[in-house]
Amino acid sequence: MQSFTVHTGLVAPLERENVDTDQIIPKQFLKRTERTGYGECLFFDWRFDAAGRPNPAFPLNALQYTGASILLTGKNFGCGSSREHAVWALRDYGFRAVIAPSFADIFSSNCVKNGLLTVALKPEEINTLMARASADRLNLKVDLEKCEVSTADGFTAKFTVEPFRRMCLLEGMDEIGMTLKHDAEISAYERRQRV
Amino acid sequence: MPARTLFEKIWDNHTVCAGPEGSTILYIDLHLVHEVTSPQAFEGLRIAERKVRRTDRTFATLDHNIPTIGNRMVIDDPLARGQVEALRHNCREFGVPLFDLEAPEQGIVHVIGPELGLTQPGATIVCGDSHTSTHGAFGALAFGIGTSEVEHVLATQCLVLKKAKTMLVNFTGQLSPGVTSKDVILALIAQIGTDGATGHVIEYSGEAIRALSMEARMTICNMSIEAGARAGMIAADQITFNYLRGRRYAPKAWGEAEAHWKTLHSDPGAKFDTTIEIDATRIAPFVTWGTNPGMAAPVTGVVPDPDRAANESERNGIRRALEYMDLRPGMRLEEIPVDRVFIGSCTNARLEDLRAAAQVIKGYKISKGIQAMVVPGSQQVKRAAEQEGLHTIFRDAGFEWREAGCSMCLGMNADRLQPGERCASTSNRNFEGRQGAGGRTHLMSPAMAAAAAVSGHFVDIRKWQYKT
Ligand code: SF4
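In short, a report on the structure. (Residues numbered from 1 in each chain as written. Chains lettered and ligands numbered in written order. Predicted model: local features only at pLDDT ≥ 70, side-chain atom pairs only at ≥ 80, totals over all residues. Heavy atoms only, no water.)

Further remarks concern the sheet that holds strand 18 (residues 422-425) of chain B. With respect to topology, five strands assemble into an open sheet ordered 17-16-15-18-19 (chain B), the strand pairing being parallel. The open sheet is flanked by strand 17 (400-401) and strand 19 (440-443) of chain B, the only strands paired with a single partner. (Pairing = 2+ DSSP bridges. Helix = DSSP H or I, 4+ residues; strand = E, 2+ residues; numbered from the N terminus.)

Right, let's get into the side chain of Ser445(B). Note on placement: Ser445(B) falls in the loop between strand 19 and helix 15 (446-455). Ignoring anything within four residues of it in the chain, the contact list for Ser445(B) reads Thr180(B), Lys182(B), Asp183(B) and Thr426(B). (Contact = heavy atoms within 4.5 Å.)

Another aspect to go through is the site of the ligand. Residue and element names in this part refer to chain B. The full set of residues close to the ligand is His64, Ile108, His110, Asp129, His131, Ser345, Cys346, Cys406, Cys409, Leu410, Asn428 and Arg434. Most atoms of the ligand, that is more than half of them, are within 2 Å of grid points of the largest cavity. The class makeup of the residues in the shell around the ligand is five nonpolar, five polar and two charged. (Near = heavy atom within 4 Å. 1 Å grid on protein atoms, 1.4 Å probe; cavity = no way out; pocket = protein on both sides within 12 Å on 5 of 7 lines; lining within 4 Å. Sits in = over half its atoms within 2 Å of the grid points. Nonpolar A, V, L, I, M, F, W, Y, C, P; charged D, E, K, R; others polar.)

If you look at the biggest cluster of nonpolar residues, it comprises 92 residues, and the most contacted ones within it are Phe43(A), Phe77(A), Phe394(B) and Phe399(B). Take this core: its biggest share by element is eight residues, from helix 15 of chain B. Apart from the residues lying within four places of it in its own chain, the contact partners of Phe77(A) are Val19(A), Ile24(A), Phe43(A), Leu71(A), Leu90(A), Val98(A), Ala100(A), Ser102(A), Phe103(A), Ala104(A) and Phe107(A). Ranked by size, the runner-up nonpolar core spans 82 residues in total, among them Leu45(B), Val96(B), Ala137(B) and Leu175(B). (Core = buried A, V, L, I, M, F, W, Y, C linked by side-chain atoms within 4.5 Å. Buried < 20%, exposed > 50% of the residue type's maximum accessible area, 1.4 Å probe, protein only.)

On to the packing of aromatic side chains. Taken as a whole and judged by the stated rule, the model has 20 aromatic pairs over all chains. The interplanar angle of 55 degrees and the centroid separation of 5.6 Å between the aromatic rings of Phe43(A) and Phe58(A) together place this pair among those described as tilted. Note that Phe43(A) is positioned in the loop between helix 1 (21-24) and helix 2 (44-47) and Phe58(A) in the loop between helix 2 and strand 2 (70-73), a separation of 15 residues in sequence. Both residues of the pair, Phe43(A) and Phe58(A), count as buried. With a centroid separation of 5.7 Å and 50 degrees between ring planes, the pair formed by Phe7(B) and Trp11(B) is classed as tilted. Of this pair, Phe7(B) and Trp11(B) both sit in helix 1 (residues 6-13), four residues apart, roughly one helical turn. Taken individually, Phe7(B) and Trp11(B) each receive the classification buried, so the pair is uniform in this respect. (Phe/Tyr/Trp six-rings, centres within 6.5 Å; stacked < 30°, edge-to-face > 60°.)

Residues and elements named next belong to chain B. The sheet built from four strands is open, its strands ordered 11-10-9-12 with parallel pairing. Each having just a single partner strand, strand 11 (231-233) and strand 12 (274-279) make up the two edges of the open sheet. Looking at each pair of strands side by side, their axes are set apart by 20 degrees on average, direction ignored. Two strands pair when backbone bridges link them, and strand 10 (residues 200-205) and strand 11 are joined in this way by three bridges, in the parallel orientation. (Axes fitted to C-alpha atoms, helices over the stretch in contact; angles between N-to-C directions.)

Let's shift gears to empty space enclosed by the protein. Rolled over the atoms, a probe as big as a water molecule pinpoints where empty space is left. With the rule as written, the count across this model stands at three cavities of 30 Å³ or more. Roughly 220 Å³ of internal volume is contained in the largest cavity. In terms of lining residues, the largest cavity is bounded by 23 residues, among which His64(B), Asp129(B), His131(B), Leu410(B) and Arg434(B) are the most central. Class assignment for the residues of the lining of the largest cavity results in eight nonpolar, eleven polar and four charged. Cys79(A), Gly80(A), Ala104(A), Ile225(B) and Gly228(B) are, among the 14 residues lining the second largest cavity, the residues nearest its centre. Class assignment for the residues of the lining of the second largest cavity results in six nonpolar, six polar and two charged. (Points joined across faces, edges and corners; volume = space filled by probe spheres on them.)

Given below as structure tokens:
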């Protein structure tokens, strides 16, 4: 798994709440058996019109957000389906972090497994950043070691990440390998519980 | 021992050991697998040269991608076919039992688990699918996981987790006639929002819940995820035991199992992080008007006015939803006309659901121009319904009678809405494009969807003239 320590990048604002994983990656792209190549399908129905042309009103299609690697959005991002394809699509498109007031549970757990950092900030902080990112190109530094988001001109905001998730991300840990180190305990549990 | 909640009891019973940084390594009793979220997990095992730890606790079925009509062994879509074949191949290679398309047990993963008696009180159950919360109706801890976690469970039969918070939702009083468990859960989500239970495991309790059948309880737990909950659960009782007894995978040492299950309830005085009380007597039949399951109202109500929203972001959300749904503020919900009706999905395609819908349409024809279909949740449901003659009632009324699968709940197969089509659906998600790009979904109970097929618009089922 890819680790996450510090990342600096351009912010793309997506000013919507409750963005569900059906929007992040629609069902027609879930039929593949690989983990890669989903970036082109990210936000497909919002990004493209029925004829497949880029929708000029969608932020990711704007020139000023080309190359964005940090997505800034509304509360409850990633709700709905458990499809990890949503995270694969965000990563494949080039996002390293998503910043929002809150995230859905399965989505944030999927993010950790793929080195995508979810940063929950206060609604006021989100509003400040949203206004700035909508007006102009905004670069942010996301520092997981310090648990801090900052700009070059002095904006800073602290965030918290559950300790186990933070460790997994910082170390890019192979979680299965880690659990398998407890093989003896798992076997003992199976004997004890007769399972 | 201090008073514990049902969730805490199951958690304690399944703790293998502490993991790093305050996490817990939790044992998983049952792992259900389907074709869409598993190929990359099996591939991961293959690359790392790992095996499936418990092939006796892992069961696979085909449901999301498959045709519900015609010769199901022939799948035209090459990508869907590839995924189906990948699951067959993976199950063979790793020794996982598969309920394939021609198997009498095949069906939607969350319908067949309970039917086969695999779903049991007190168990930990996972599947790479968010609606795994369905199984919580049996007093199990059941939740959806992503593909990386599917791989983790295949390899270790465990997950590394942080304990969730707990929420008690207590319903006082009884439901009124015509009001179903679908209305109960839609009413709850409308009240607390689609993120109202994020980070929590919900336990449902109270008189109204106790009176429900297992099938109705599954509908409620199924949609817990639409309130953002990690899982939903209902303590097992005599209704649960009666449902399970004699099913294929139900415990053979029944007396011992039942005695243990009887201890699995929240102790008096157990502390929940959040508690909500709802007066069940006041719940009306609900329909959704927007693009998430929280955008719902009593069928007697009207489409909301964005200008009366509590704040700017809510106003924008409603505006966007009404634009997508092509609805005007103030419109009466009963006036909204429909083009399609879908009775199916893991929320509402069990025998009881089909019976309720059939009772409504008996003696009626569906309205002109409407296309309506019934997709049973499993082959077993389909056979049982046919034995009762329900398929004849549906066909006589003008419904299509299909084979079991997820079908138009998510439209991964050919069953899809066309852009602009409006559908009365018994499924669980009304997200933009969920049932087909540009399609407009309204969620409701099976009886309400059936009545909409006949009337051509939404109706208050409490006023329905049954012909029996
Ligand atoms: S019926 Fe719908 S919600 Fe249920 S498992 Fe299938 S796709 Fe998911």
